[in-house]
Protein chains: 2
Amino acid sequence: MSRLAGKIPVMSQKPARKEVADKSYHHDDLRQKLIDATRDMIRSGGVEAVSLRKLADRVGVSRTAAYHYFRDKNVLLCTLAEEGFRQWQDQISRIFQDDSRLPAERYRLYIRWYMTYALENAEYYDLMFGRSIWKQKCATESLKAIAYDVFQDQVKLTRQGQKQGFLPAGEDSLRLAQVSWGTLHGLARLLIDGIYTDNSHIDEMCDCAANLLMR
Amino acid sequence: MSRLAGKIPVMSQKPARKEVADKSYHHDDLRQKLIDATRDMIRSGGVEAVSLRKLADRVGVSRTAAYHYFRDKNVLLCTLAEEGFRQWQDQISRIFQDDSRLPAERYRLYIRWYMTYALENAEYYDLMFGRSIWKQKCATESLKAIAYDVFQDQVKLTRQGQKQGFLPAGEDSLRLAQVSWGTLHGLARLLIDGIYTDNSHIDEMCDCAANLLMR
DNA sequence: AGCCAATCTTGACACTGTCAAATTCCGATG
DNA sequence: CATCGGAATTTGACAGTGTCAAGATTGGCT
């Protein structure tokens, strides 16, 4: 009944709380601290390494304290994935707003950026596009919303590429968006998951992918 | 010292063991029973649903009995993945040996088969190509061997396609094999993991992928 | 000043994988 | 035929995990 499931609780009274020692009962902004600590844990040890108990230890709070801000572990992870998608969306739009480059050139850049991001933030990518979050009934509504948004961007971006003539005009934009994302995602996963073990020819793979997708 | 890590123990004396009641101390071929039961569990509930204790219960044996045949849970899963890759290899070679079809036609068929297999055996595909098995230091040597073999087949098959003129001849065969597999794997994962939620246009996606990969 | 509700903790439960040590039993050996 | 070694299996234990129900603590408002 009192579970707020991710909503910010009543702590939203603006009067700046007087400085509280780390050991006090009530914390400053526990929700944010939990998110930050979780992000750290993911970055260092991957999603698998996230444990609510270790998290609590790290933040200096009891095992179940997080349950007042997140319905369960899954919702916490979804929250972080959401954050990731927002940054993702930002960075992509930045690439395609760079008018100093030709459209086709931007698309090639996008492919390289995708791969670089996925490899440099492997654990975070794994969170955002991993099964744990998306498996039936797991994904939060807000996560689904932002992810859908990001995918719509990909569709727009594809349609534009077709109009600009560097993506095959004959294909349906939706399918083309699906398949091109599939290609990038597939390569990223094969590398991240350790199925492809040769990390020294990423650029060549990107080029090959670009050659296939563009024309 | 006495851990045999997946090798078949001394049970290899040929004299047909006299029929043993299911409840007896020594079982008939526990190793195989464990493998079979694990396969069942994967098919119904996915890799995540595999628990050594439930497995033991199911086979009618104590929690730790499996440890005499598999060093740990990971090795058991690798064994099953290996089995999967062998069947995988079989089915693919069967497709490409069908002389009643044109090479290009066979390749299109292969793409459709890939997708169909991945979706109809989602949990098994997830095992074979999932992170749990492949993550650093997890994959068994024999698993790596068969998987490498399967990938080499893909390279050969790609090179042949280039010679036969339905795959772009300009690209390096290895890269092309990597990227084409990436495309299929990516689409499969996006569907299996629940990121793509529309399962009613698989064929269109396959066609689009084929159009991009072939020429 | 005192209460209420938001916040956090304690206790408990049912799981998990895995190790070490004890048990059971088969089959070859004396 | 009895025995004994070692393989096959079990029991006990430990350190984890997520999560629920209840209790303890606290700050802000009336």
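Remember, predicted model here, so these are calculated numbers, not experimental data.

## Quick word on empty space enclosed by the protein
Residues and elements named next belong to chain A. For the coordinates displayed, the defined rule picks out five cavities of 30 Å³ or more. The volume enclosed by the largest cavity comes to roughly 50 Å³. Surrounding the largest cavity, W88, I92, Y110, Y114, V150, D153, Q154, L157 and W181 form its lining. Here the element with the most residues in the lining of the largest cavity is helix α7 (residues 141-164); it accounts for four residues.

## Observations regarding the interface of chain A and chain B
Taken together, the contact pairs 36 residues of chain A with 36 residues of chain B. For the pair chain A and chain B, the summed buried surface comes to about 3,300 Å²; carbon and sulfur atoms form 61% of the total. Per-residue buried area on chain A facing chain B is highest for R131, R175 and L212 of chain A; these three make up 21% of the total on that side. At the boundary of chain A and chain B, one finds eight salt bridges. One salt bridge connects D193 of chain B with R131 of chain A, and the closest N-O pair in it is separated by 3.4 Å. Where chain A meets chain B, there are eleven residue pairs in polar contact (both at pLDDT 80 or more). Secondary structure elements with two or more residues in the side of chain A that touches chain B: α5 (122-128), α6 (131-134), α8 (173-192) and α9 (202-213) of chain A. The dominant element in the side of chain A that touches chain B, judged by the number of residues it contributes, is α8 of chain A, at 14 residues. Residue classes in the side of chain A that touches chain B are distributed as 18 nonpolar, eight polar and ten charged.

## Re the nonpolar core
Counting 146 residues, the largest nonpolar core has W88 and Y114 of chain A together with W88 and Y114 of chain B as the members making the most contacts within it. Excluding residues within four positions of it along the chain, Y114 of chain B makes contact with W88, Y125, W181, L184, H185 and A188 of chain B.

## Description of the side chain of Q154 of chain B
Residue and element names in this part refer to chain B. Residue placement: Q154 occurs in helix α7 (residues 141-164). The class of Q154 is buried, set by a relative accessible area of 3%. With sequence-adjacent residues up to four places away left out, Q154 is seen in contact with Y110, A177, S180 and W181.

## Focus: the relation of the copies chain A and chain B
Overlaying chain A on chain B yields an RMSD of 0.0 Å, the required transformation being a rotation through 180 degrees with an accompanying axial translation of 0.0 Å. The superposition operator between the copies reduces to a two-fold rotation axis. Looking at the interface residues of chain A, 100% of them are also at the interface in chain B, so both copies use one shared face.

## A closer look at the pattern of salt bridges
Applying the stated criterion across every chain, the model contains 34 salt bridges over all chains. In this structure, D126 of chain A and R189 of chain A form a salt bridge, with 2.5 Å as the shortest nitrogen-oxygen distance. Placement of the pair is D126 of chain A in helix α5 and R189 of chain A in helix α8, with a sequence separation of 63 residues. A relative accessible area of 11% places D126 of chain A in the buried class. Looking at R189 of chain A, the relative accessible area reads 4%, which means it is buried. R189 of chain B serves as the salt-bridge partner of D193 of chain B, at 3.0 Å between the closest nitrogen and oxygen. You'll find D193 of chain B and R189 of chain B in the same group, each marked buried. Three or more residues are tied together by salt bridges with common partners; here these are E123, D126, R189 and D193 of chain A together with R131 and K135 of chain B.

## Section: the packing of helix α3 (residues 73-96) of chain A against α7 of chain A
Residues and elements named next belong to chain A. Where α3 meets α7, the axes come as close as 9 Å, and the angle between the chain directions of the two elements is 20 degrees. If you check the angle between α3 and α7, you find them roughly parallel. Considering how the two elements wind past one another, α3 and α7 form a crossing that is left-handed. Note on element contacts: α7 touches α3 through S142, L143, I146, A147, D149, V150, D153 and L157, opposite C78, A81, E82, F85, R86, W88, Q89, I92 and F96.

## Some details on the packing of helix α8 (residues 173-192) of chain B against helix α9 (residues 202-213) of chain B
Residue and element names in this part refer to chain B. Two elements in contact, α8 and α9, have axes whose closest approach is 11 Å; the angle formed by their N-to-C orientations is 160 degrees. When the axes of α8 and α9 are compared, the pair comes out roughly antiparallel. Our pair here, α8 against α9, has a crossing hand that is right-handed. Within the contact between the two elements, α8 uses S180, T183, L187 and L191 and α9 uses I202, M205, A209 and L213.

## A few points about α9 of chain A
With twelve residues, α9 of chain A ought to run about 16 Å at 1.5 Å a step, and its terminal C-alpha atoms sit 16 Å apart, in line with that. Those residues of α9 of chain A that are buried lie in contact with α4 (103-120) and α8 of chain A together with α8 and α9 of chain B.

## Quick notes on the packing of aromatic side chains
All chains considered together, the criterion is met by 34 aromatic pairs over all chains. Relative to W181 of chain A, the ring of F151 of chain A lies with its centre 5.7 Å away and its plane at 25 degrees, an arrangement referred to as stacked. With a gap of 30 residues between them, F151 of chain A in helix α7 and W181 of chain A in helix α8 connect regions that are remote in the sequence. As far as burial versus exposure is concerned, F151 of chain A and W181 of chain A are alike and both buried. Seen in terms of ring centroids, W113 of chain B and Y117 of chain B are 5.5 Å apart; in terms of plane orientation they differ by 35 degrees. Their pairing is tilted. Of this pair, W113 of chain B and Y117 of chain B both sit in helix α4 (residues 103-120), four residues apart, roughly one helical turn.

## A few points about the confidence of the model for chain A
All names here are of chain A. Summarising the model, chain A shows a mean pLDDT of 91, and 88% of its residues fall at 70 or more. Residue range residues 1-8 is modelled with pLDDT below 50. Its contacts to residues more than four positions away, or to other chains, number eight contacts. When the criterion is pLDDT under 50, residues 10-22 qualifies, and its contacts beyond four places in sequence or with other chains add up to eight contacts.

What counts as what
Residue positions are given per chain, counting from 1 as you read along its sequence in written order. Whichever chain is written first becomes A and whichever ligand is written first becomes 1, with later ones labelled in order. The predicted origin of the model limits local features to residues at a pLDDT of at least 70 and limits the giving and counting of side-chain atom pairs to 80 or more, whereas totals for whole chains, interfaces and linings rest on all residues. Hydrogens and water are ignored here; the side-chain numbers use all heavy atoms of the structure. Only protein atoms enter the 1 Å grid used here, on which a cavity is any set of points holding a 1.4 Å probe that cannot leave and a pocket is any open set flanked by protein within 12 Å on both sides along at least five of seven lines; residues with an atom within 4 Å of a point are listed as lining. Grid points are joined across faces, edges and corners, and a volume is the space filled by probe spheres set on the points. Runs of H or I in DSSP of at least four residues are treated as helices and runs of E of at least two as strands, each being numbered from the N terminus. Throughout, a contact is declared for two residues whenever any of their heavy atoms are within 4.5 Å. Buried area is calculated as the accessible area (1.4 Å probe) missing from two parts once they are joined, with the contributions of both summed. Any Lys or Arg side-chain nitrogen located within 4 Å of an Asp or Glu carboxyl oxygen qualifies as a salt bridge. Here a polar contact is taken to be a pair of N or O atoms separated by no more than 3.5 Å, where protein atoms must pair a possible hydrogen donor with a possible acceptor and residues adjacent in sequence count only if both atoms sit in side chains. For this classification, Asp, Glu, Lys and Arg are treated as charged, while Ala, Val, Leu, Ile, Met, Phe, Trp, Tyr, Cys and Pro are nonpolar and the rest, including Gly, are polar. Nonpolar cores are built from buried Ala, Val, Leu, Ile, Met, Phe, Trp, Tyr and Cys residues. Side-chain atoms within 4.5 Å join them into one set. Note on classification: 1.4 Å probe, protein chains only; a residue is buried when its accessible area is under 20% of the maximum for its type, exposed when over 50%, partly exposed between these limits. The atoms used to superpose the copies are C-alpha atoms, taken from residues with pLDDT of at least 70 in both, and the fit is least squares. Axis lines are fitted to C-alpha atoms, over the contacting stretch for helices. Their N-to-C directions set the angle, which ranges from 0 to 180 degrees. Angle categories: roughly parallel below 35 degrees, roughly antiparallel above 145, roughly perpendicular from 65 to 115, and oblique for all the rest. Handedness of a crossing follows from how the near helix is turned relative to the far one, being left-handed for an anticlockwise turn of less than a right angle and right-handed for a clockwise one. What a helix is expected to span follows from its residue count: subtract one and scale by 1.5 Å. By convention, a stacked pair of Phe, Tyr or Trp rings (six-membered ring in the case of Trp) has centres within 6.5 Å and planes under 30 degrees apart, an edge-to-face pair has planes over 60 apart, and any other such pair is tilted. Scored from 0 to 100, pLDDT records how confident the predictor is in each individual residue.

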